[in-house]
Amino acid sequence: MLRIFLFRISLLLLLLFQISPVITHADETKPTGIIQTDDDSHKPKKVDVGIYVINIEEVNSAKQSYKATLALDMQWNDPTLICDSSEDQGKVLKYNLESIWNPSMIVKNEEQIVKQFQYKAWVDCQGNVDYGEILYGDFVTIANIKEFPFDERPLKIELVSTEYGTSELQFVNDKAITGRAKNFSVTDWHVGEAPVVKSGTYHFKPGNRNLASFVYELTAKRNYDYFVWKIIIPLILIVIMSWAVFWIPPSQLGPQIGLAMTSMLTLIAYRFAIGHVVPNVSYLTRFDKFVFGSTLLVFLAFIEAIISGSLSFSNNDKMAKSIDWYSRFIFPIIFIAILIYSLFI
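Below or above, wherever it landed, is the structure these notes cover.

Conventions and cut-offs
Residues numbered from 1 in each chain as written. Predicted model: local features only at pLDDT ≥ 70, side-chain atom pairs only at ≥ 80, totals over all residues. Heavy atoms only, no water. Helix = DSSP H or I, 4+ residues; strand = E, 2+ residues; numbered from the N terminus. Buried < 20%, exposed > 50% of the residue type's maximum accessible area, 1.4 Å probe, protein only. Contact = heavy atoms within 4.5 Å. Areas by Shrake-Rupley, 256 points an atom, 1.4 Å probe, with all protein chains shown as cover. Pairing = 2+ DSSP bridges. Salt bridge = Lys/Arg side-chain N within 4 Å of Asp/Glu carboxyl O. Expected span 1.5 Å × (residues − 1). Disulfide = S-S within 2.5 Å. Patch = residues over 30% accessible without salt bridge, like charges linked within 9 Å, V, L, I, M, F, W, Y side chains within 5 Å. Axes fitted to C-alpha atoms, helices over the stretch in contact; angles between N-to-C directions. Parallel < 35°, antiparallel > 145°, perpendicular 65-115°, else oblique. Nonpolar A, V, L, I, M, F, W, Y, C, P; charged D, E, K, R; others polar. Left-handed = near helix turned anticlockwise from the far one by under 90°.

This part is about the overall build of the protein chain. Within the protein chain one finds five helices and 14 strands. Residues classed as buried in the protein chain amount to 45% of the 345 residues present. The long-range share in the protein chain, meaning contacts at least 24 apart out of those at least 6 apart in sequence, stands at 78%. Accessible area of the protein chain: about 18,400 Å², with a carbon and sulfur share of 60%.

Structure below.
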């Protein structure tokens, strides 16, 4: 834990600023001023934004969120903070962020986050401001998961200014900082290497305002090996087990019914056991279609066992055996069709 703590401190210190010869440690207080645009007053003020994702530890499909740790750095120039010519030009001052102009940024898609580290705004004598923080918590990620368990989803960090539109403020990607750590602790998802970053507009409908926004996005693809080996293949074996009723003589109705019921109950119990890993959505995913088709097929095997047993007790043993014989081929063919349709098409 100590190594992680020291790493995070050194990482943020590296990201936030280049240390100047003299640093003034006393907090400075200057009133917040109006927005200061760049050279041309008609141009929006530029704020360089860098986002570095330190770790992603979990992607929760059921809650449509992911848990991550990230470093956020913002830099801009404020002419009102330029030092007088008589002052030491090498000094760096510290300000409370609320006491100077700032882009009034929030994380729009945060669900529950905490600021592990939050530094004051560092300002040099040229009016260059550098502010950063480390955030940890849950971020909302909305995605269509019809392809589950072969799905992918965007992992976004959406920043929005609560006060300024794109005509007043422009977020610019700081390529020197923006990126991601080489490895993440999340095991059931593969996260893409290169983030997609874009500045744009977020329409705030209640106030009918277009606000400046900055979006950092990584694409995560689910590692489906877990679902294949621990869920799908066992379900296939349960379905195949139900077909054993076709090889039991129709006259032995008790064993047929017992085996069919055992297969049905095993399938239902297994479905409940894996409920916590399956997303709760109103539409059918690939996995839902596979489970529904498998359940239906096991139920039909149960019905077939009753029919063939009834025919046998009605002295129509020949027809009962004929139904069993055809079922040995029809059921596997239907199951293969269900498997291909639900998981591959």
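Attention now goes to the pairing of strand E13 (residues 196-204). By the bridge criterion, nine bridges tie E13 to strand E14 (residues 209-222) in an arrangement that is antiparallel. Bridge pairing in E14 links Gly200 to Ser213. Hairpin connection of E13 to E14: four residues between the antiparallel strands, including Asn208 at a positive phi of 50 degrees.

Here we take up the pattern of salt bridges. Under the definition given, this model contains six salt bridges. Notably, a salt bridge pairs Lys321 with Asp317, separated by 3.3 Å at the nearest N-O pair. Taken as a pair, Lys321 and Asp317 lie in helix H5 (residues 317-343) at a separation of four residues, close to a single helical turn. The exposure class assigned to Lys321 is partly exposed, which follows from its relative accessible area of 49%. Overall, Asp317 belongs to the partly exposed group, its relative accessible area being 27%.

Right, let's get into H5. The first and last C-alpha atoms of H5 sit 38 Å apart over 27 residues, in line with the 39 Å expected at 1.5 Å per residue. Within the span of H5, buried status applies to Ala320, Asp324, Ser327, Phe331, Phe335, Ile338, Ser342 and Leu343. The inward-facing, buried residues of H5 abut helix H2 (225-242), helix H3 (253-273) and helix H4 (286-313).

Moving on, we come to the state of the cysteines. Per the counting criterion, the structure on display carries one disulfide. Paired by a disulfide, Cys83 and Cys125 hold their sulfur atoms 2.2 Å apart. What sets the handedness of the Cys83 and Cys125 disulfide is the S-S torsion sign, and at about -80 degrees it is left-handed. On the criterion of sequence distance, the pair formed by Cys83 in the loop between strand E3 (65-77) and strand E4 (91-95) and Cys125 in the loop between strand E7 (121-124) and strand E8 (128-140) is long-range, its members being 42 residues apart. Here Cys83 matches Cys125 in class, with each residue buried.

Attention now moves to a nonpolar patch on the surface. On the surface, a nonpolar cluster with roughly 640 Å² of combined accessible area is contributed by Trp325, Tyr326, Phe329, Ile330, Ile333 and Ile334. In this fold, Ile333 is placed in helix H5. Residue Ile333 is classed as exposed on the basis of its relative accessible area of 58%.

Another point: the packing of H4 against H5. The contact between H4 and H5 brings their axes to 10 Å, and the two run at 180 degrees. Between H4 and H5, the interaxial angle falls into the category roughly antiparallel. Across the contact of H4 with H5, the residue classes tally to 16 nonpolar, six polar and five charged.

Turning next to the side chain of Glu158. Mapped onto the fold, Glu158 is located in strand E9 (residues 152-161). In contact with Glu158, not counting residues within four places along its chain, are Ile106, Val107, Lys108, Asn109, Phe214 and Val215.

It is worth spelling out the packing of H3 against H4 at this point. Orientation of H3 relative to H4, taken along the N-to-C sense of each, is 165 degrees, at an axis distance of 9 Å. Relative to H4, H3 is oriented roughly antiparallel. For the pair H3 and H4, the sense of crossing is left-handed. Of the residues in H4, those touching H3 at Leu253, Gln256, Ile257, Ala260, Met261, Ser263, Met264, Leu267 and Arg271 are Asp288, Val291, Ser294, Thr295, Val298, Phe299, Phe302, Ala305, Ile306, Ser308, Gly309 and Phe313. Its residues assigned to classes, the contact of H3 with H4 shows 13 nonpolar, six polar and two charged.

To continue, consider unusual backbone geometry. Omega for the bond connecting Phe148 with Pro149 falls within 30 degrees of zero, at 10 degrees, which places this linkage in the cis form. Mapped onto the fold, Pro149 is located in the loop between E8 and E9. Despite not being glycine, Ser104 shows a phi value in the positive range, around 50 degrees. By secondary structure assignment, the location of Ser104 is in the loop between E4 and strand E5 (105-107).

A word on the environment of Val114. Relative to the assigned elements, Val114 resides in strand E6 (residues 110-118). Considered as a pair, Val114 and Asp138 are 24 residues apart in the sequence and their alpha carbons are 9.2 Å apart. Ignoring anything within four residues of it in the chain, the contact list for Val114 reads Ile134, Leu135 and Tyr136.

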